[in-house]
Amino acid sequence: MTEFWLISAPGEKTCQQTWDKLMAATTRTNNLSSNHKFSIPDLKVGTLDVLVGLSDELAKLDGFVESVVKKVAQYMADVLEDSRDKVQENLLANGVDLVTYITRFQWDMAKYPIKQSLKNISEIISKQVTQIDNDLKARASAYNNLKGNLQNLERKNVGSLLTRSLADIVKKEDFVLDSEYLITMLVVVPKAAYADWQKTYETLAEMVVPRSSNLLFEDSDSGLFSVTLFRKAIDDFKHKARENKFTVRDFQYNEEEMKADKEEMTRLSTDKKKQFGPLVRWLKVNFSEAFIAWIHIKALRVFVESVLRYGLPVNFQAMLLQPNKKTMKKLREVLNDLYKHLDSSAAAIIDSAMDIPGLNLSQQEYYPYVYYKIDCNLLDFKV
């Protein structure tokens, strides 16, 4: 399970007692969850008005930062293409896997100094993550353009003979070049019609050079034939070929153009390889930064919400629960029983919701204790 519940409850005589009670209710006999103390430092409380306003701002910031974390993770998966199984090992926070980082969370005093006000800390995070988001857009756009141009060129070299580029199939010696009167044309003939082609191509128009047709290449459906004729017969030949279900490809042998296409493909391929390493490194570093910022926002939200709910002086225990998937409903019930005395109205709503199947709580996951979900499954596919 990559889902965590970050909760807080007021300190009893000591915060340790709050912790012990939770452990007794959820792990001693029934193994409903794995629990960890979640350490939040002594942050500056400020005024009640500021806390109320900050509570809403942090909710929005939480959603924004989570979306950036997911975008960076998803783009990492896109960039790694064939090695998507390696994505998870690149999605680290501070050099450790996400579960380890969350369960051993320590506030980063250097990045987010606790002498600053809560509002300032949230603004530092907001600026930092907005910058990551903007940089990601710019880098992704540049890399996607490069990748798209390369894919377009590569696509031209595969597929049906009716549409694909012929530059890497034909050779100079297949053509009559630099002739005032003669021209070599390329015709796609279905395999089933090879015999018809050989019988009729010389008579499709006047002035077709006898025995000038050669099979140059074939795929599973068709063959590419060359045929030489007089230039003045081109239109007539094309028209008659179409009537016989032979497709004349519009192709002129131009060595310089073909060379330029090959060079462009090599250049794009080289550029993509050059950008790949630095881009993956940037994604790793900034995924870590964004994820760390996200967990600090969760810590801020728990702090603000706990002070608003449980009052001053600051006295609460933040706890991180990793529920067992099969017993999540039971865990909710145990937590409700444990903390319903904190907020009887919330407990009543939960009790009624448990009695009425399908009732969606308009309060959106409101419980008698402070609660935030952290889901570490950040990708749309199963890695």
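All values reported here derive from a predicted model rather than from experimental measurement.

The rules behind each value
- Residues numbered from 1 in each chain as written.
- Predicted model: local features only at pLDDT ≥ 70, side-chain atom pairs only at ≥ 80, totals over all residues.
- Heavy atoms only, no water.
- Helix = DSSP H or I, 4+ residues; strand = E, 2+ residues; numbered from the N terminus.
- Rg over C-alpha atoms; globule rule 2.2 N^0.38 Å.
- Buried < 20%, exposed > 50% of the residue type's maximum accessible area, 1.4 Å probe, protein only.
- Contact = heavy atoms within 4.5 Å.
- Phe/Tyr/Trp six-rings, centres within 6.5 Å; stacked < 30°, edge-to-face > 60°.
- Core = buried A, V, L, I, M, F, W, Y, C linked by side-chain atoms within 4.5 Å.
- Pairing = 2+ DSSP bridges.
- Axes fitted to C-alpha atoms, helices over the stretch in contact; angles between N-to-C directions.
- Domains from an automatic or database assignment.
- Salt bridge = Lys/Arg side-chain N within 4 Å of Asp/Glu carboxyl O.
- Parallel < 35°, antiparallel > 145°, perpendicular 65-115°, else oblique.
- Left-handed = near helix turned anticlockwise from the far one by under 90°.
- Nonpolar A, V, L, I, M, F, W, Y, C, P; charged D, E, K, R; others polar.

Notes on the overall build of the chain
Item 1. When helices and strands are tallied, the chain shows 10 helices and 10 strands.
Item 2. Rg of the C-alpha trace for the chain: 34 Å, well past the compact-globule value of 21 Å for 383 residues, more than 25% over.
Item 3. Summarising its shape, the C-alpha atoms of the chain cover approximately 105 × 45 × 35 Å along the three principal directions.
Item 4. Of all 383 residues assigned to the chain, the portion counted as buried reaches 43%.
Item 5. Considering only contacts in the chain between residues 6 or more positions apart, those separated by 24 or more positions represent 78%.

Description of the side chain of Lys-147
Item 1. Following the sequence through the fold, Lys-147 ends up in helix H5 (residues 118–156).
Item 2. A residue is classified by how much of its surface remains accessible, and Lys-147, at 17% relative accessible area, is buried.
Item 3. With near-sequence residues (within four places) excluded, Lys-147 lies in contact with Asp-78, Glu-81 and Lys-272.

So, the packing of aromatic side chains
Item 1. The final tally for this structure, using the stated rule, is 18 aromatic pairs.
Item 2. Relative to Tyr-201, the ring of Trp-197 lies with its centre 5.2 Å away and its plane at 20°, an arrangement referred to as stacked.
Item 3. Among the residues examined, Tyr-201 registers a relative accessible area of 3% and is labelled buried.
Item 4. Ring plane angle 85° and centroid distance 5.2 Å describe the contact between Tyr-367 and Tyr-371, whose orientation is recorded as edge-to-face. Grouping residues by exposure puts Tyr-367 and Tyr-371 together as buried.
Item 5. Three or more aromatic residues joined by ring pairs make a cluster, and in this case those are Phe-38, Tyr-101, Phe-105, Phe-287, Phe-291 and Trp-294.

Quick notes on the nonpolar core
Item 1. In terms of nonpolar packing, the biggest core is built from 82 residues, with Ile-7, Ile-125 and Phe-291 touching the most fellow members.
Item 2. The element best represented in this core is helix H8 (residues 255–310), accounting for 19 residues.
Item 3. Ranked by size, the runner-up nonpolar core spans 18 residues in total, among them Ile-234, Phe-237, Ala-241 and Phe-246.

Topic: the sheet that holds strand S6 (residues 214–218)
Item 1. The 4 strands lie next to each other as S6-S7-S5-S8, forming an open sheet whose pairing is antiparallel. The open sheet terminates on both sides in strands that have one partner only, identified here as S6 and strand S8 (247–249). For this sheet, the mean angle separating the axes of adjacent strands, direction not counted, is 35°.
Item 2. Strands in contact with helix H7 (residues 234–243) are strand S5 (182–190), strand S7 (222–230) and S8; relative to S5, the strand with the most contacts, it is inclined by about 5°.

As for the domain arrangement of the chain
Interfaces are frequently sized by the accessible area removed from exposure as the parts join.
Item 1. On domain assignment, one finds that the chain holds domain 1 (3–125 + 287–375) and domain 2 (172–252).
Item 2. Here the C-alpha centre of domain 2 lies 72 Å away from the C-alpha centre of domain 1.

Regarding the pattern of salt bridges
Item 1. For the structure on display, the rule yields 20 salt bridges.
Item 2. Where Lys-298 meets Asp-62, a salt bridge forms, and the shortest distance between an N and an O atom there is 2.9 Å. Of the two residues, Lys-298 is situated in helix H8 and Asp-62 in helix H2 (residues 48–80); the sequence distance between them amounts to 236 residues. Note on accessibility: Lys-298 and Asp-62 belong to one class, buried.
Item 3. Through salt bridges with shared partners, a single network forms among Glu-57, Lys-119 and Glu-123.

Focus: the sheet that holds strand S1 (residues 3–10)
Item 1. Pairing is antiparallel across the open sheet formed by 4 strands, whose spatial order is S2-S9-S1-S10. Both edges of this open sheet fall to strand S2 (33–37) and strand S10 (370–375), since each of them pairs with a single strand only. Each strand axis lies, on average, 25° off the axis of its neighbour in the sheet, ignoring direction.
Item 2. Here 6 bridges tie S1 to S10, and the two strands are oriented antiparallel to one another. Its bridge partner lying in S10, Glu-3 is registered against Asp-375.
Item 3. Here helix H1 (residues 15–28) sits on the sheet in contact with S1, S2 and strand S9 (316–323), set at roughly 170° to S2.
Item 4. Each of S1, S9 and S10 is contacted by H8, which is oriented at about 170° to S10, the strand it contacts most.

Topic: the packing of H5 against H8
Item 1. Relative orientation of the contacting elements H5 and H8 amounts to 160°, with a least axis distance of 8 Å. Considering the angle they form, H5 stands roughly antiparallel to H8. When the axes of H5 and H8 are compared, the crossing they make is left-handed.
Item 2. Across the contact of H5 with H8, the residue classes break down as 22 nonpolar, 7 polar and 9 charged.

Section: unusual backbone geometry
Item 1. Note that the residue after Leu-312, namely Pro-313, is joined by a cis bond; omega there is -5°.
Item 2. Within the fold, Pro-313 resides in the loop between H8 and S9.
Item 3. A positive phi angle, close to 55°, is found at Asp-178, a residue other than glycine.
Item 4. Here Asp-178 lies in the loop between H5 and S5.

Observations concerning the packing of H2 against H5
Item 1. It is at 10 Å that the axes of H2 and H5 come closest, and there the two elements cross at 25°. Here H2 lies roughly parallel to H5, going by the angle between them. In the packing of H2 onto H5, the handedness of the crossing is left-handed.
Item 2. Counted by class, the contact of H2 with H5 contains 17 nonpolar, 4 polar and 7 charged residues.

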